[in-house]
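# Fold and geometry: a report
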Amino acid sequence: MPFATAPAPHVVAPSSVARVMRQVLYALIPTVALHVVFFGPGLLIQIVLGVVTALAAEAAALRLRGKPLPPFLLDGSAIITAVLLALCLPPLAPWWLVVSGVAFAILLAKHLFGGLGANPFNPAMVGYAVLLVSFPARMLQWLPPNVAGLEPASLSFVDTLTTIFTGMPPARFTWDAITSPTPLDALRTDLALGMTMGEAHANAMFSTFGGKGWEWINLATLAGGGWLLALRIIRWHIPVAMLTALFVCASIMSAADPGGYAGPLFHLTSGASMLGAFFIATDPVSAATSDRGKLIYGAGIGVLTYVIRTWGGYPDGVAFAVLIMNLTVPLIDRYTIPRIYGHAR
Amino acid sequence: MLPALLTMVGLAAAAGAAAALATRRSNEDQKRLIDEIDALLPQTQCGRCTFSGCRPYASALASGEADIDQCPPGGNATAAALANLLGREPRPVDPRFGAVRAQPLVAWIDESACIGCVKCIQACPVDAIVGASKFMHTVIADQCTGCELCIPPCPVDCIVMRPASA
Amino acid sequence: MAKPGVRGGLRLDAHKERSTAQALRAASSVETLVLPLDQHAGAPAVPLVKPGEQVLRGQPIAEPGGAISAWLHSPASGTVAAIEPRPAPHRLGAPTLSIVVANDGRDERYAQPAPAPFDQLSPEQLREIIGRGGIVGLGGAVFPTAAKLSSAVRGQELRLLLNGAECEPYISCDDMLMRERARDVVFGARVLLHALTAQTCVIAIEDDTPQAAAALEAAIAEAHDQRIQLRQVGSDYPAGGERQLITAVFDVEVPAGGLPADVNTVCLNVGTAAAVAYWIRDAQPLTNRIVTVTGDGVLEQRNLDVRLGTPLAALIYDCGGYTSRMSRLIMGGSMMGQSLPHDGMPVIKATNCIIAASALDLQPRAAEMPCIRCGNCAEVCPATLLPQQLHWYAMGRDLDALEAYGLMDCIECGCCDYVCPSQIPLAERFRDMKPALTERLAARGSAAAARTRFDARTARLEHIESERLAALAKKRQELAKKSS
């Protein structure tokens, strides 16, 4: 009796790229939810715009490269790039900001290098870096969080929609009236003006650890990251290394000069620290390969994030820290090959 | 302006000196380099590179007297490996030194024509031919490197090259 | 060397409950037995019989064809029907020269000389006699046991490891052997200890086989042999891989490219030990082995004691036939087993298990996607390789990089395949690249040999030349002395 043959192994775990990406998206839900609670529905509109652009750009690129649309189009990697980039943009950013950023990320940072699995740089961060350098003013127009003590201008959903699609605030407001810097941005400016940490922290937007609203978003991201760790979608090396390095740098500097440098808990709960640690730096394609390599990579990102935040030209350093460490990954990989069984070293 | 210029020139000079120091090789390093080059060569000992064996060629490569494209038995793969080791521009094998063979060949003696003159035995650089004066000569195929040095001395032209797998 | 340790591995569903629920049973006799001459590692055996000749059960019908080879014995009495190429499972159905025996059903035994008590033989004699029994490694590698024993004895103190850690899913033949014939395994251990002049024997089994453990403990106690111990190891796959098991039990690593003998260990399957017992104690050469017949594609799942040469179709028939869900026939386990094109092939010494797999047993791969460098593969690799890098270099056919990243250390266990979200057939890629790399390493070896011969010849010629010059100088001196 004849049978069809196939090579071993005859059982494989029912895993797929799409499943991995889906889990990452689920893990981002707490972050997105809290973001909307504190900053309004703008993020959701940015996400929709970003995802549509991402899928369109991905489809166009796959066509140009002669690759089949399924399974690549729905593997979820483009959607994640869009969501991560949207989370890094101000909620009221004009529509063309997220569209151009995502298009750049997908077309130039991903497909130009070979598509899924071939990008040496994190595509979302490349998109963010391009936007930050090209449109710095627009990128810093954040909103005040919707918490007691800060009264953000009340914008309806329609207001949000028109602001995003026209690029102008609703008629009854000016930009100054509705926008506010992030805690990291405010801290930079205030320290540069000669204030001490205590004086800067007196601003209503700061709370015990980080900025109001921001610390909750970071905690939600930490929870999402924990979910990914539990499912073994990501491993602990990069997040732990990055957060530890950030913590240590901040501890040393703030212990030496508490008035001039923010403390470690502030850094861990501000900006994109948690998002970077669990969702951005852990992008497997652009990260280091071995466990030891991952520790070095993560630590490098942590140190660079602190350096850029404290002495560099931008309020949050995660994006550039990740991109710089992406550059060093081939070198790290070369020197951290694990010892093979039976070999001396 | 002048201080900045001097600083840049000074830094460049310092970097250049450091690089030159780093690449300078001691005698021991030179020997190790020759060993490393020799390890990449196919050990055919044929002399097509114009040196009397693989080690002399390795020595010449190390001292810069020879180039990487002189070894036809090694083929383009060996030329690329030598280029990689020595930091030179990779090039295919120069056909003036000989043709690169698509598959390895070994010598085969037609025993019906062999006259037992031992000229081929003397010519073989790796002692792969067994025999004695007035006795039959034969090539040990496993040990033949395909150098073809046995073919010219044979007075009755009874040696041919055949594919190694035959 | 850095601290050794067992790394990686997977926890897999064992799928062994059904095949171990019933006792061992002998497979039914069949009319024709087909015995491939190359069913062991090394040179194929050379026939001693001719077509038409009568043979008895246990009679040697083929002798070793080289230094590493094995004897072959007839599993039944009858006539040699033919010596011709027949499809063989280890060639995936391609024909290989085989002795075909027509079974007359009478089961008359060949008269073997009565065996001397093994402890009265010298270890060398014992090893030679073990070889004559046609004993080869029954764990699947079918390496001739006598050659393995002899090459391990180098004058140092050896220890024996009997591998009963049957880690691959579906295979349960060793488990049944240990449950029902533990005494034979222990006797075999004692014979092997004497053949190696070793003082320690560890029988390693997995920690999820309590019946086998109990049976072995009882047999060891009965034998009153302090040298033999039982050791339980974790049941992660591939705990029973030779190198992994040696590291788990003895805490040393077998050097890359080396053998267990390099760390004073000889590792044999428990089935091989039992086969040694049957030969040395009962004068029965290797003509039978236990085969697990399992999978959702066969009606009954059980272990059978089978004569070598029995067609696989007969085993299925013995187990009630195929179910309607039968899809793929696999010889071996679900992770490393070979998929066969049909069931008309014989049981050989390497056949430990037949899986009649249905869709329930199989979890085939989905379409292959590019590698996303998630690192799952590196996490589970028992050889601590970086499969994602090996895959990258395999795609580029970069043999230098493949060598540097340890392709030859890959044991092809399939763990990396199992966990890959991009469904890349990694083990297959690595299997494909190994021949090219082996060829290159062999070329390097023969180049080194050529260099040695060249240096020796150069030295010889220089020596001859310097002798000649010395003789001439001496003559010159003598002439100068004479004339002065």
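Computed from a prediction, not measured in an experiment: that's the story for all the values here.

Rules used throughout
Residues numbered from 1 in each chain as written. Chains lettered and ligands numbered in written order. Predicted model: local features only at pLDDT ≥ 70, side-chain atom pairs only at ≥ 80, totals over all residues. Helix = DSSP H or I, 4+ residues; strand = E, 2+ residues; numbered from the N terminus. Rg over C-alpha atoms; globule rule 2.2 N^0.38 Å. Buried ≥ 20, exposed ≤ 12 C-beta atoms within 10 Å, placed from the backbone. Contact = placed C-beta atoms within 7 Å. Domains from an automatic or database assignment. Nonpolar A, V, L, I, M, F, W, Y, C, P; charged D, E, K, R; others polar. Pairing = 2+ DSSP bridges. pLDDT = per-residue confidence, 0-100. Axes fitted to C-alpha atoms, helices over the stretch in contact; angles between N-to-C directions. Parallel < 35°, antiparallel > 145°, perpendicular 65-115°, else oblique. Left-handed = near helix turned anticlockwise from the far one by under 90°. Expected span 1.5 Å × (residues − 1).

Broken down by element type, chain B carries 5 helices and 4 strands. The C-alpha radius of gyration computed for chain B amounts to 23 Å, which surpasses the reference 15 Å derived for 166 residues by more than 25%, pointing to a less compact arrangement than a globule. The principal-axis extent of the C-alpha atoms belonging to chain B is close to 85 × 30 × 25 Å. Split into buried and exposed, the 166 residues of chain B put 26% on the buried side. Expressed as a percentage of contacts within chain B between residues at least 6 apart in sequence, the contacts between residues at least 24 apart total 55%.

So, on to the overall build of chain C. Helices and strands together make up the secondary structure of chain C, namely 13 helices and 17 strands. Within chain C, the proportion of its 484 residues that are buried is 53%. Excluding contacts between residues fewer than 6 apart, the proportion of contacts in chain C whose partners are at least 24 apart in sequence is 72%.

For the rest of this paragraph, the subject is the domain arrangement of chain B. Where interface size is quoted, it is often the accessible area lost as the parts come together. Here the domain parsing of chain B yields domain 1 (26–97) and domain 2 (105–163). Every contact between the two is made by 6 residues of domain 1 of chain B and, on the other side, 7 residues of domain 2 of chain B.

Turning our attention to the domain arrangement of chain C. Residue and element names in this part refer to chain C. Its domain assignment divides chain C into domain 1 (115–289) and domain 2 (369–484). One C-alpha centre belongs to domain 1, the other to domain 2; they are set 33 Å apart. Taken together, the contact between domain 1 and domain 2 spans 5 residues of the former and 5 residues of the latter. For the side of domain 1 that touches domain 2, a count of residues per class yields 3 nonpolar, 2 polar and no charged.

A word on the environment of A:Leu222. All names here are of chain A. On the secondary structure map, Leu222 appears in helix H13 (residues 214–230). What makes Leu222 buried here is the crowd of 21 C-beta atoms within 10 Å. Sequence separation between Leu222 and Thr289 is 67 residues; the distance between their C-alpha atoms is 23 Å.

Turning our attention to unusual backbone geometry. Here A:Pro70 and A:Pro71 are connected by a cis peptide whose omega angle stands at 5°. Checked against the element boundaries, A:Pro71 lands in helix H4 (residues 69–72). Of note, the bond from C:Tyr237 into C:Pro238 is cis; its omega dihedral lies within 30 degrees of zero at -5°. For B:Val118, which is not glycine, the phi torsion reads 60° and is therefore positive. Here B:Val118 shows up in the loop between strand E1 (105–109) and helix H5 (119–123).

With that settled, the discussion passes to the interface of chain A and chain C. Each side of the interface is counted separately: chain A has 38 residues, and chain C has 53 residues. Examining the composition of the side of chain A that touches chain C, we find that 3 residues originate from one element, helix H1 (residues 17–27) of chain A, more than from any other. A per-class count over the side of chain A that touches chain C returns 24 nonpolar, 10 polar and 4 charged.

Turning our attention to the sheet that holds strand E5 (residues 60–63) of chain C. For sheets, the rule is that strands pair by backbone hydrogen bonds, running either parallel or antiparallel. Residues and elements named next belong to chain C. On the basis of which strands lie adjacent, the open sheet formed by 3 strands has the order E3-E5-E6 and antiparallel pairing. Strands with a single pairing partner mark the edges of an open sheet, and in this sheet they are strand E3 (46–47) and strand E6 (72–73). Both E3 and E5 contribute to a ladder of 2 bridges, which runs antiparallel. Looking across to E5, one finds that Pro47 is bridged to Ala62.

With that out of the way, let us pick up the environment of C:Ala26. All names here are of chain C. Considering the arrangement of structural elements, one finds Ala26 in strand E1 (residues 25–26). On the basis of neighbour count, Ala26 is assigned to the exposed category, with 11 C-beta atoms found within 10 Å. Separated by 303 residues in sequence, Ala26 and Leu329 place their C-alpha atoms 21 Å apart.

The interface is formed by 9 residues belonging to chain B together with 6 residues belonging to chain C. Classifying every residue of the side of chain B that touches chain C by side-chain character gives 3 nonpolar, 5 polar and 1 charged.

What follows deals with the confidence of the model for chain C. In the predicted model, chain C carries a mean pLDDT of 93, and 99% of its residues have values of at least 70. Per the prediction output, this complex has pTM 0.84; the corresponding ipTM is 0.87.

So, about the pairing of strand E14 (residues 302–307) of chain C. Regular strands have side chains that alternate between both faces of the sheet. Residues and elements named next belong to chain C. Burial runs high along E14: 5 of the 6 residues are buried. Sheet topology note: the strand E13 (residues 288–294)/E14 ladder contains 6 bridges and is antiparallel. Bridge pairing in E14 places Val293 opposite Arg302.

Before going further, it helps to examine the packing of helix H17 (residues 291–311) of chain A against helix H18 (residues 318–335) of chain A. All names here are of chain A. Their axes nearest at 9 Å, the elements H17 and H18 cross at an angle of 150°. With respect to H18, the element H17 is oriented roughly antiparallel. Crossing hand, H17 versus H18: right-handed. Here Gly293, Ile296, Tyr297, Gly300, Ile301, Leu304, Thr305 and Ile308 of H17 come into contact with H18, specifically with Val318, Phe320, Ala321, Val322, Ile324, Met325, Thr328, Val329, Ile332 and Asp333. Residues that form the contact of H17 with H18 fall into these classes: 13 nonpolar, 4 polar and 1 charged.

Moving on, we get to helix H3 (residues 42–65) of chain A. All names here are of chain A. An ideal rise of 1.5 Å per residue puts 34 Å on 24 residues; H3 measures up with 34 Å between its terminal C-alpha atoms. Buried within H3 we find Gly42, Leu43, Ile45, Gln46, Ile47, Leu49, Gly50, Thr53, Ala54, Ala57, Glu58 and Ala61. Contacts made by the buried residues of H3 are with helix H2 (29–39), helix H5 (77–88), helix H6 (95–111) and helix H9 (157–166). Within two residues after H3, Gly66 carries a phi angle of roughly 75°, on the positive side.

The next point concerns the sheet that holds strand E2 (residues 32–36) of chain C. All names here are of chain C. One open sheet accounts for 4 strands, arranged E2-E8-E7-E4; its pairing is antiparallel. In the strand order of this sheet, the two ends are held by E2 and strand E4 (54–55), each with one partner. Here strand E7 (residues 78–87) runs beside strand E8 (residues 95–103); their pairing, made up of 9 bridges, is antiparallel. Considered in E8, the bridge of Pro85 is made with Leu97.

Between all 2 pairs of chains that are in contact, chains A and C come out with the most contacts. The two units chain A and chain B never meet; even their closest C-alpha atoms stay 17 Å apart.

Looking now at helix H1 (residues 123–132) of chain C. All names here are of chain C. Within H1, burial applies to Leu126, Arg127, Ile129, Ile130 and Gly131. Considering only its buried residues, H1 is in contact with helix H2 (145–152), helix H4 (182–196) and helix H7 (270–282). Of the residues trailing H1, Gly134 is marked for its positive phi of about 70°.

All right, on to the environment of C:Gln388 then. Residues and elements named next belong to chain C. Its location among the elements puts Gln388 in helix H10 (residues 387–395). Gln388 gets classed as buried once you count the C-beta atoms within 10 Å, which come to 24. Placed 14 residues apart in sequence, Gln388 and Cys374 show a C-alpha to C-alpha distance of 8.6 Å.

The geometry of a pair of packed helices is captured by two quantities: the angle between their axes and the separation between those axes. Residue and element names in this part refer to chain A. In contact at an axis separation of 8 Å, H2 and H13 are set at 165° when each is read in the N-to-C sense. Regarding the angle of H2 to H13, the classification is roughly antiparallel. Regarding H2 and H13, the two cross each other, and that crossing is right-handed. Contacts from Pro30, Thr31, Leu34, His35 and Phe38 in H2 reach Trp216, Ile217, Ala220, Thr221, Ala223 and Gly224 in H13. When the residues that make up the contact of H2 with H13 are grouped by side-chain class, the tally is 7 nonpolar, 4 polar and no charged.

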